[in-house]
Amino acid sequence: ILIIYSDYYPKISKNLLSGAETFLSEKKVEYEKKRVDGSLEIPFLLSKFIKDYSGFIIIGCVIKGETDHYHIVKDICLHEVYSLAYKNKVPLGSAVLTVDSFEQSIERSDVKKKNLGKNAALVCCNLMQILND
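Our subject in this report is the structure included herewith. Given the structure is predicted, the values throughout are model-derived calculations rather than measurements.

1. Regarding the pairing of strand E2 (residues 32-36)
Here strand E1 (residues 2-6) runs beside E2; their pairing, made up of 5 bridges, is parallel. Bridge pairing in E2 places Ser6 opposite Val36. Handedness of the crossover joining E1 and E2 through helix H1 (residues 10-26) is recorded here as right-handed.

Structure below.
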């Protein structure tokens, strides 16, 4: 599995990575990580490595601000990511948070709260299992 993560919000990325990595380690699933600067760069890296891995986990966070930039970033990122995954039929779990505030991102990323990094790893592994059945 390749984990592609944006560390635009380092604390959020660290939380999400912790959840995903802990789950994968417990399940003894091999993985690698590649960092990008922001969520818009995730599809670029995914397209480069789409044939090289059995599954992908994408991690990032887009927080709503006072302008339309939030909508542009989340829409492009998620549309391109899922277009690539569907076209290439690759398992993918997403932990790209789209939230109204930093506080919401903490709630969703914290391993002791919603732990969406773990959820993304679980989804990816479940899809990989379905393809192998």
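2. Description of the packing of H1 against helix H5 (residues 116-132)
Viewed as axis vectors pointing N to C, H1 and H5 meet at an angle of 40°, and their least axial separation amounts to 6 Å. One finds that H1 runs oblique with respect to H5. As for how H1 packs across H5, the hand of that crossing is right-handed. Along the contact surface, H1 presents Leu16, Gly19, Ala20, Phe23 and Leu24, while H5 presents Leu116, Gly117, Lys118, Ala121, Leu122 and Cys125.

3. Focus: the packing of aromatic side chains
Within this structure, the stated rule accounts for 4 aromatic pairs. Seen from their ring centres, Phe49 and Tyr53 are 6.3 Å apart, and the 70° between their planes marks the pair as edge-to-face. For the pair formed by Phe49 and Tyr53, the shared burial category is buried. Aromatic side chains Tyr82 and Tyr86 sit 5.6 Å apart centroid to centroid with 45° between the ring planes, which places their arrangement in the tilted category. Highlighted residues: Tyr82 and Tyr86, both in helix H3 (residues 69-88), separated by 4 residues, approximately one helical turn. On the basis of relative accessibility, which here comes to 26%, the residue Tyr82 falls in the partly exposed class. One aromatic cluster is present, built from ring pairs that chain together Phe49, Tyr53 and Phe56.

Criteria and thresholds
Within each chain, residue numbers correspond to sequence positions counted from 1 in written order. Where local features are concerned, this predicted model is filtered to residues with pLDDT of at least 70; where side-chain atom pairs are given and counted, the filter is 80 or more; whole-chain, interface and lining totals use all residues. As a rule here, side-chain values cover all heavy atoms of the structure and leave hydrogens and water aside. At least two bridges found by DSSP between two strands is the condition for calling them paired. Comment: elements are numbered from the N terminus, with helices defined as DSSP H or I runs of at least four residues and strands as E runs of at least two. The definition of a right-handed crossover adopted here requires that, viewed with the strands pointing away, the path from the first strand over the helix to the second runs clockwise. Here the axes come from fitting lines to C-alpha atoms, over the contacting stretch only for helices, and the angles between their N-to-C directions go from 0 to 180 degrees. Every angle not falling under 35 degrees, over 145, or within 65 to 115 is termed oblique; those three ranges are roughly parallel, roughly antiparallel and roughly perpendicular. Crossings are assigned a handedness: left-handed for a near helix turned anticlockwise from the far helix by less than a right angle, right-handed for a clockwise turn. In this analysis, two residues are considered to be in contact whenever any of their non-hydrogen atoms come within 4.5 Å of each other. Paired rings are identified among Phe, Tyr and Trp, the last through its six-membered ring, by centres lying within 6.5 Å, and are further divided according to the angle between planes into stacked (under 30 degrees), edge-to-face (over 60) and tilted (the rest). When accessible area is computed with a 1.4 Å probe and restricted to protein chains, residues below 20% of their type maximum are described as buried, those above 50% as exposed, and intermediate ones as partly exposed.

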